[in-house]
Each structure stands twice: as structure tokens, then as C-alpha cells.
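For reference, the chains in residue letters:
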Amino acid sequence: MGGGTAIRASAGSALIPKGEEVDPVRFIRFLAVVLILILIVAAGLFAIAWRGEIEPVAAVDPSSFNEDLVAQGAQLAAVGNCIACHTVPGQPAFAGGLAIPTPFGTIYSTNITPDPESGIGHWSEEAFQRAMREGVDRQGRYLYPAFPYDHFTLITDEDNRALYAFLMTREPVRSPPPQNDLPFPFNMRMILAGWNLLFLDKGPFQPDTAQSEEWNRGAYLAEGLGHCGACHTPRNRFGAVDSDRHFGGGEAEGWQAYAINATSPAPIPWDADSLAFYLRHGWHEWHGVSRGPMAEVTGNLGLLPDRDIAAIATYVASVMGEPDQTRRERAEQLKAEIFQGQTAVQAAPATDTQAGDAQHPGAAIYASACAGCHNGSKPLPFGGLRFSLSTAVNAPNPQNIVNVVLFGLPPSDGEASAVMPAFANVLDDHQMADLLAYMRERYSEAPAWEDVADLVARTRSGQYKVAVRPADGIERGPENVGASGGAEDAED
Ligand code: HEC
Ligand code: HEC
Ligand code: HEC
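Since the structure is predicted, the reported quantities are computational estimates derived from the model, not experimental observations.

Undergrad: A description of the overall build of the chain should follow, citing residues and the corresponding values.
TA: Looking only at helices and strands, one finds 20 helices and six strands in the chain. Going through the 492 residues of the chain one by one, you find that 45% of them count as buried. Nonlocal contacts in the chain, meaning residues at least 24 apart in sequence, comprise 70% of its contacts between residues at least 6 apart.

In C-alpha cells form, the structure reads like this:
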């Protein structure tokens, strides 16, 4: 699924440990939130009136669109990941109806096929342009930012024209989306006027003349259609991206979307070349494979020409900036150990045991269940990454490594891909916690993770959905594969 406000935020709330006591500071913060909410409602009601309707058009003739424009629209739609949010798995493409859980309630994506009754068959190009730029539908109703129009607003008129041509030439499908399930006041679309006032920075994209053309192209694609920040930027409690922490790390569909700015936890810092390779192929020898929602992103970016991928990489690398000296030296050391065949402790086949391993309950599990594939004896992407290079092992939160170990990496249909077995039915919550504690201690300098067993239990309980996808990212994996068979604490 693509990047929407709501999904991230909901995954986020699911990750917050439960059961904490109410403290006065939190209560005051809560009151402040309520007050601001009231203000938003007031702003919505008084400051801005209902938006006007744009006249419906008669059925649009699909043959009236230029073929090249339609082809360009197909490519843009892939980068924008429209199909993911607008399709229920196994149902016709773009017909909508996918439930998107948010902290405020459930929102259903709409039907964007040209069906006149239930889709956008009566939408003029003008109505479509307005929806993308301003988040308002043809009838003048405000759309929820679960639709990432706060990013799509940057898209140029020309690119929107191509997207419109692409959508209007799809097969019309009669399928009205279900009613949203939102409590008062969130069911009043009017309040979104206030949200837009506070958080919508309206486009189109304005190039930064101090930067190169390539950088600007990359910024346009990454910030707009590609909506990287919808997943990689944390959100505030109104579900808006927190622009002060741009690319500082967010959540998506039960996964952590790591920081991709100066705070990136990757052991070897990313640069424009490694980013371009990763975005093109879905893996990199210093960083491993892309998984979960990111597998779908790299799958979709496959449709972009190399120069656009290079532009995105240039832009993201510039947001990350140059690593400081400590990080650079550490990375050089890692590269020397691992890639120039100098057998240091980290580079020795990981089946080797280290002094102290005998006391570590996770070490034995590691040696028998993981080391055989992750000792660097087989090159990526089909072999496993050495964990001293793994962002997952070095990340502030263990959610992604829990997901990978529980659910594995399912194979792609009919093509060779990175495959890893699921351990959900092999390791119980405490064995998982021991294993991950050992890996963190041995392969990262970061502090130990806390409450891992509890996170494992919650992840396998299906309390929140973890999107497990094959390496091509296009297919949706089964929901929480192998989520049964957990330890007893899964039932709390
Ligand atoms: C992260 C999920 C997500 C992605 C990605 C996404 N959408 Fe949507 N979109 C939604 C949701 C949810 C709605 C309904 C919002 C509402 O009801 O207020 C929506 C509504 C719309 C609407 C308004 C339709 C109507 O009938 O009101 C249009 C047009 C649209 N999307 C087009 C697109 C296009 C084009 C793309 C790709 C470039 C895209 N969307 C990508 C989630 C998404
Ligand atoms: C739908 C949500 C989503 C969107 C949109 C998205 N990402 Fe990601 N991204 C993720 C997740 C989740 C991960 C962690 C994946 C993993 O564990 O393999 C990730 C991982 C990454 C990584 C690897 C970081 C590391 O240190 O291992 C990079 C680089 C990255 N994304 C760049 C981008 C760029 C550039 C874009 C926009 C073109 C983008 N992402 C859009 C969710 C997303
Ligand atoms: C049959 C081989 C195999 C086994 C056994 C295996 N893995 Fe993997 N694993 C892979 C492959 C292949 C990949 C994809 C390449 C990559 O990113 O490492 C992978 C990826 C991973 C990743 C993502 C690495 C990253 O940060 O990008 C983690 C974490 C991981 N495995 C953990 C484990 C753990 C923990 C175990 C033991 C419980 C294990 N694996 C057992 C083959 C295996």
C-alpha cells in the first residue's frame, strides 16, 4: 500500500505500549489537543465555506486521449502507488473500497475507475486537477488526507493531465465504496478545511534555483508523486507530517520506515550511488533487501527511467548530507572487514562463536537458525546480509526485524528472489527475545531494545496488520502469515 497519513499513524499508535498511567503533563497536553481540535472545527465552519461543485461531464470517450499521454500516466500512477490504496486485493484494479485504518476511524478508498455512478466517470480534468492539488472532490467535499494530497499537491498540471488520461482509459467498474466509519467530529469533512489551513502547503512544486536540475527533478518526484515523506516523516497527532523532522523516520503498515536523513541508522551511510541501486533493484550489498511497504515502492519505481531514479537518489542523498567523521571511519572499517576479505571478528563466518556466547541464550538459536544463511558465504540478494551491516539490527525499534523473523520473506511469483523462511511457528516469544538481544549485542553498538517479547507477542497476535510482501512488492502477502502458534502471552 502506498503512503497515506492514516495508515502510518495507525500503525504508530499500535506500537505504543499500553497500560501507562495518566500523568498530569499528558492530561494537559490532551486538553490542548481538544482545544486545538475545537479551533480547527471553528476555523472549518467560519473561515472557509463549502467548496463549489464542478459540473459533471458526459461520459468521456477513452479514444480521445493520446496514447503517449496514457503511457506516461501509467508510469506516473505506478510511482504514486495509486493502485495499492485504490484496490482491494483480488478485486478489480482502481475500484476502491480498501479499508484504511486511522487513529480517528476507518476510511475507505474511493473508486477511481471511469464508472459514471460509483467512480469518476463524470469528472472533468479540472475536477481531477483540483482533487490532486487541493484534496477536494468533484462535488466540493473535502477529502481526508489518508489520500496523500498533501504530497500530490506538488504534481504539475501536465503530469496530472497524464494521470487523468490513464485513469479515464481504464475499465469502468461498478463498485460503490463502503461508508467511512468515523465518529463525530471526524465524520464532518468540514473540519478538513481547518486541517488544510494548518498543514496543507499548496503546490505546484517550486524549483529551488540554487540547486541543479537533477536535484529539483528528484525533489519533485520524492516529495510529490513518490510521497516518500508520507512514510518516512513522523506525524503529529493530527496525522500531518511533521516537517521539522523531515525524513526523520515514520511508520507504515506495521513496519518502521527508517530515518532517511542525517539520523539514518544504516551502519554504512547511504550515498547517491547506493540509493540509486537500491531504489532500482530493491536491494544493495551494504544494506540488504527492501521489505514490506518498501518492497512495493521499489517494485513500482522499476517503471521509472534510470535518470529519474538517479535524480531521486541525488535529492535524498543531499537531505541525508555528508556523514560525520566517526560514522565515516566506522563505515570504512566495516567495508574493509567485510568486502576486502580481511577476516576480522565481524567478518568471520558467523557460525563462529565468540567469548561469552556460551552464556547468551540467544547465541545457540542464532548459530543454528540464522548463521548458515547470514554468514556472508552467499552474495545478496539471494544470500542473507551480515548483520553488522543491517539497518534492522541497528534501528532504534526492533519492529522490522521482528516482522522479518516471524513472517520471513515470501518468494515472488515465477522469478528468483530473496527468500527467507518464517520462524513464527518455530520460535516462541521468549526465544525470539533472546535471539534478538544476542544479535543486538553482537552486531550493533546501540543500546539494548526493551520489551522485545511483548512486541513479538503483539506482532503475531494480528492486533495490527503487518503487510508481508514478496520481493517484487506487487502482490499482497497473506495477512500475518503464520501468526498462530505463538506463546501464551500472545493472548493477553
Ligand atoms: C495511501 C493511500 C492512497 C494513495 C497512495 C492514493 N490514494 Fe487516492 N485516495 C485515497 C483515499 C483513502 C481516498 C478517499 C478519501 C476520502 O474519502 O476523503 C482517495 C481519494 C482519491 C480521489 C477522489 C475520488 C473521489 O471519488 O472522491 C482521487 C481522484 C484519487 N484518490 C486519486 C489518486 C491517484 C491518481 C493516486 C496516485 C497518484 C492516488 N489516489 C493514490 C487513498 C490513496
Ligand atoms: C508506503 C510507505 C513508504 C514509502 C511511500 C516509501 N518508503 Fe522507504 N521504506 C519504507 C519502509 C517500511 C522501510 C523499511 C523497509 C525494510 O525494513 O526493509 C523503508 C526503507 C527505505 C530505505 C532503506 C533505509 C535503510 O537504512 O535500510 C530507503 C533508502 C528508503 N526507504 C527510501 C525511500 C524513498 C527515496 C522513497 C520515495 C521515493 C520511499 N522510501 C518511499 C516505507 C516507505
Ligand atoms: C534460508 C536462508 C535464511 C535463513 C535460515 C535466515 N535468513 Fe534472514 N534472510 C535471508 C535472505 C536471503 C535475506 C534477504 C537478504 C538480506 O537483506 O539479508 C534475509 C534477510 C534478513 C533480514 C533483513 C536484513 C536487513 O537488515 O536488510 C533480517 C533481519 C534477517 N534476515 C534475520 C534473520 C534471522 C534473525 C534469522 C534466524 C532466525 C534468519 N534471518 C534466517 C535468508 C535467510
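Undergrad: Give me the lowdown on the nonpolar core, citing residues and values where you can.
TA: Core analysis: the largest hydrophobic core is formed by 115 residues, its most contacted members being Ile312, Ala313 and Val316. It is helix 13 (residues 306–320) that contributes the most residues to this core, nine residues altogether. Among all residues touching isoleucine 312, those that are not within four sequence positions of it are Gly218, Leu221, Ala222, Gly226 and Leu279.

Undergrad: Account for the site of ligand 2, naming residues and giving values.
TA: If you check the shell around ligand 2, you find 31 residues, and the closest are Gly226, Cys228, Cys231, Met294 and Thr391. Secondary-structure elements contributing two or more residues to the shell around ligand 2 are helix 10 (228–232), strand 4 (255–257), helix 11 (272–281), helix 12 (293–301), helix 13 and helix 17 (391–394). The element best represented in the shell around ligand 2 is helix 10, accounting for four residues. A breakdown of the residues in the shell around ligand 2 according to their chemical character gives 19 nonpolar, 11 polar and one charged. Taken domain by domain, the makeup of the shell around ligand 2 includes at least three residues from each of domain 2 (213–320) and domain 3 (327–491).

Undergrad: Describe helix 12, and please don't skip the residues or the numbers.
TA: Of all nine residues that make up helix 12, nine are buried, and the element is covered over most of its length. Buried within helix 12 we find Pro293, Met294, Ala295, Glu296, Val297, Thr298, Gly299, Asn300 and Leu301.

Undergrad: For the environment of aspartate 242, give the residues involved together with the corresponding values.
TA: One can find aspartate 242 in the loop between helix 10 and strand 3 (250–252). Residue aspartate 242 is classed as partly exposed on the basis of its 16 C-beta neighbours within 10 Å. Apart from the residues lying within four places of it in its own chain, the contact partners of aspartate 242 are Thr233, Pro234, Arg235 and Asn236.

Undergrad: Lay out the confidence of the model for the chain in plain terms, naming residues and giving numbers.
TA: Close inspection of predicted coordinates is inappropriate for parts of the model with low pLDDT. Mean pLDDT for the chain: 87, with 86% of residues reaching 70 or above. Taken together, the stretch residues 342–352 has pLDDT below 50 and engages in 19 contacts with residues farther than four places along the chain or on a different chain. For the stretch residues 475–492, pLDDT sits under 50, and the model shows 45 contacts to residues farther than four places along the chain or on other chains.

Undergrad: Give me the lowdown on the environment of serine 118, citing residues and values where you can.
TA: By the element assignment, serine 118 lies in the loop between strand 2 (105–108) and helix 5 (125–134). Separated by 23 residues in sequence, serine 118 and alanine 95 place their C-alpha atoms 8.7 Å apart. Among residues more than four places away in sequence, those in contact with serine 118 are Asn111, Arg174, Ser175 and Pro176.

Undergrad: Help me get a handle on the pairing of strand 1 (residues 99–102), residues and values and all.
TA: When strand 1 meets strand 2, the two strands line up antiparallel, connected through four bridges. Looking at strand 2, one finds that threonine 102 is bridged to glycine 105.

Undergrad: Lay out helix 7 (residues 157–168) in plain terms, naming residues and giving numbers.
TA: Between its first and last C-alpha, helix 7 extends 16 Å over 12 residues, near the 16 Å set by a 1.5 Å rise per residue. By the criterion of burial, helix 7 is predominantly enclosed, with nine of the 12 residues buried. When we look at burial in helix 7, the residues that qualify are Asp159, Asn160, Ala162, Leu163, Tyr164, Ala165, Phe166, Leu167 and Met168. Elements that come into contact with the buried residues of helix 7 comprise helix 3 (67–80) and helix 5.

Undergrad: Talk me through unusual backbone geometry; I want residue IDs and the actual numbers.
TA: In the segment running from glycine 203 into proline 204, the intervening peptide bond is cis, with an omega of 5 degrees. Summarising the element assignment, proline 204 is placed in the loop between helix 8 (191–199) and helix 9 (213–223). With omega at 5 degrees, the peptide bond leading from leucine 380 into proline 381 counts as cis. Checked against the element boundaries, proline 381 lands in the loop between helix 16 (371–374) and helix 17. Its identity is not glycine, yet phenylalanine 94 carries a phi of approximately 70 degrees, on the positive side. As for its placement among the helices and strands, phenylalanine 94 is situated in the loop between helix 4 (82–85) and strand 1. In this structure, phenylalanine 247 takes a positive phi of about 60 degrees despite not being glycine. Looking at the secondary structure, you find phenylalanine 247 in the loop between helix 10 and strand 3.

Undergrad: Got a sec to walk through the packing of helix 19 (residues 429–443) against helix 20 (residues 452–461)? Specific residues and values, please.
TA: Taken N-terminus to C-terminus, the directions of helix 19 and helix 20 make an angle of 125 degrees; their axes are 8 Å apart at the nearest point. With respect to each other, helix 19 and helix 20 are oriented oblique. Seen along the crossing, helix 19 lies across helix 20 with a hand that is right-handed. Together, Asp429, His430, Met432, Ala433, Leu436 and Ala437 of helix 19 and Val452, Ala453, Val456 and Ala457 of helix 20 make up the contact between the two elements. In the contact of helix 19 with helix 20, the residues fall into eight nonpolar, one polar and one charged.

Thresholds applied
- Residues numbered from 1 in each chain as written.
- Chains lettered and ligands numbered in written order.
- Predicted model: local features only at pLDDT ≥ 70, side-chain atom pairs only at ≥ 80, totals over all residues.
- Helix = DSSP H or I, 4+ residues; strand = E, 2+ residues; numbered from the N terminus.
- Buried ≥ 20, exposed ≤ 12 C-beta atoms within 10 Å, placed from the backbone.
- Contact = placed C-beta atoms within 7 Å.
- Core = buried A, V, L, I, M, F, W, Y, C linked by C-beta atoms within 7 Å.
- Near = placed C-beta within 6 Å.
- Nonpolar A, V, L, I, M, F, W, Y, C, P; charged D, E, K, R; others polar.
- Domains from an automatic or database assignment.
- pLDDT = per-residue confidence, 0-100.
- Pairing = 2+ DSSP bridges.
- Expected span 1.5 Å × (residues − 1).
- Axes fitted to C-alpha atoms, helices over the stretch in contact; angles between N-to-C directions.
- Parallel < 35°, antiparallel > 145°, perpendicular 65-115°, else oblique.
- Left-handed = near helix turned anticlockwise from the far one by under 90°.

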